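Coordinate inspection notes
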Amino acid sequence: LLHGASGIGDGSFYRGAAEYFASHGYVVYLPHDLGERNRNRRGGRALIAEFEQQHDIVRAALDQMTRDRNVDPQRVGVFGFSLGGFQAMGLSSRDTRVGAIVNMGGGVPGNVVPHTTRLAPTLIVHGAQDRTVPVARAHLTRVLLRRLSVPHEVALFRDQGHFFRGPASRDSIARSVAFFERHLRTPEPIATGDLLAGM
């Protein structure tokens, strides 16, 4: 689980997601990849400047995770929220150990778009009312996935913003587990398609 630019906050969203994933048989890691400076939210430029440093932390966490005897290194899924979604896509473009991605409220880093030839099967989850990471980022991600012929699904929630509330929050995690089940527990990725969620 990769958190957003504000860290794990009070932890309730990530704890709930981790518990739900664990209840379905997944070993869950939640690396903290923001330094003290970013915790003070210095602004967008500082975050972008440190994106590669954060990526190194995420990749080191993946290294450690795949050495865990309880983890099947052939079946690694990455769920990323907001900045974590960007990190998940960047990681997938560089590391074949990533078998599936859920990109919630994030997008594809600009340095990935012109160069990558590989991404893992991806579920895009986005709020149509998102003002932090506009829904246009979800559409651009879908375009890249189509261009690369990557199995993907899109779930857009009409009435949700950047942070999902109520039933939509629970539904997004349930969809994420179902996506991982399809792409990590079966030999071949299954369907590609788009979905407009009615939440």
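One can find the structure itself at the top, above this paragraph.
Below, the structure is looked at part by part. Everything numeric here is computed off the predicted structure, so don't read it as measured data. (Residues numbered from 1 in each chain as written. Predicted model: local features only at pLDDT ≥ 70, side-chain atom pairs only at ≥ 80, totals over all residues. Heavy atoms only, no water.)

Its identity as a non-glycine residue notwithstanding, S82 has a phi of 55°, on the positive side. Checked against the element boundaries, S82 lands in the loop between β1 (76-81) and α5 (83-94). Phi angles above zero are rare outside glycine, and S149 is one such case at about 55°. Here S149 is to be found in the loop between α6 (136-147) and β4 (152-157). Assessed through its relative accessible area of 64%, S149 is described here as exposed. (Helix = DSSP H or I, 4+ residues; strand = E, 2+ residues; numbered from the N terminus. Buried < 20%, exposed > 50% of the residue type's maximum accessible area, 1.4 Å probe, protein only.)

Axis separation between helix α4 (residues 51-67) and α5 bottoms out at 10 Å; the angle between their running directions is 65°. One finds that α4 runs roughly perpendicular with respect to α5. The crossing of α4 and α5 is right-handed. Mapping the contact onto sequence places F51, E52, Q54, H55, V58, R59 and L62 in α4 and L83, F86, Q87, G90, L91 and R94 in α5. (Axes fitted to C-alpha atoms, helices over the stretch in contact; angles between N-to-C directions. Parallel < 35°, antiparallel > 145°, perpendicular 65-115°, else oblique. Left-handed = near helix turned anticlockwise from the far one by under 90°. Contact = heavy atoms within 4.5 Å.)

Two aromatic rings, taken as a pair, are described by how far apart their centres are and by the angle between their planes. All chains considered together, the criterion is met by nine aromatic pairs. Ring centres of F13 and Y14 lie 5.2 Å apart, and the angle between their planes is 80°; this geometry places the pair in the edge-to-face category. Aromatic side chains Y26 and F180 sit 6.2 Å apart centroid to centroid with 50° between the ring planes, which places their arrangement in the tilted category. You can see Y26 sitting in the loop between α1 (12-23) and α2 (36-39) and its partner F180 sitting in helix α7 (residues 167-184), a full 154 residues away along the chain. In this structure, Y26 and F180 share a single accessibility class: buried. Following the ring pairs from residue to residue traces out a cluster consisting of F13, Y14, F21, Y26, F79, F81, F163 and F180. (Phe/Tyr/Trp six-rings, centres within 6.5 Å; stacked < 30°, edge-to-face > 60°.)

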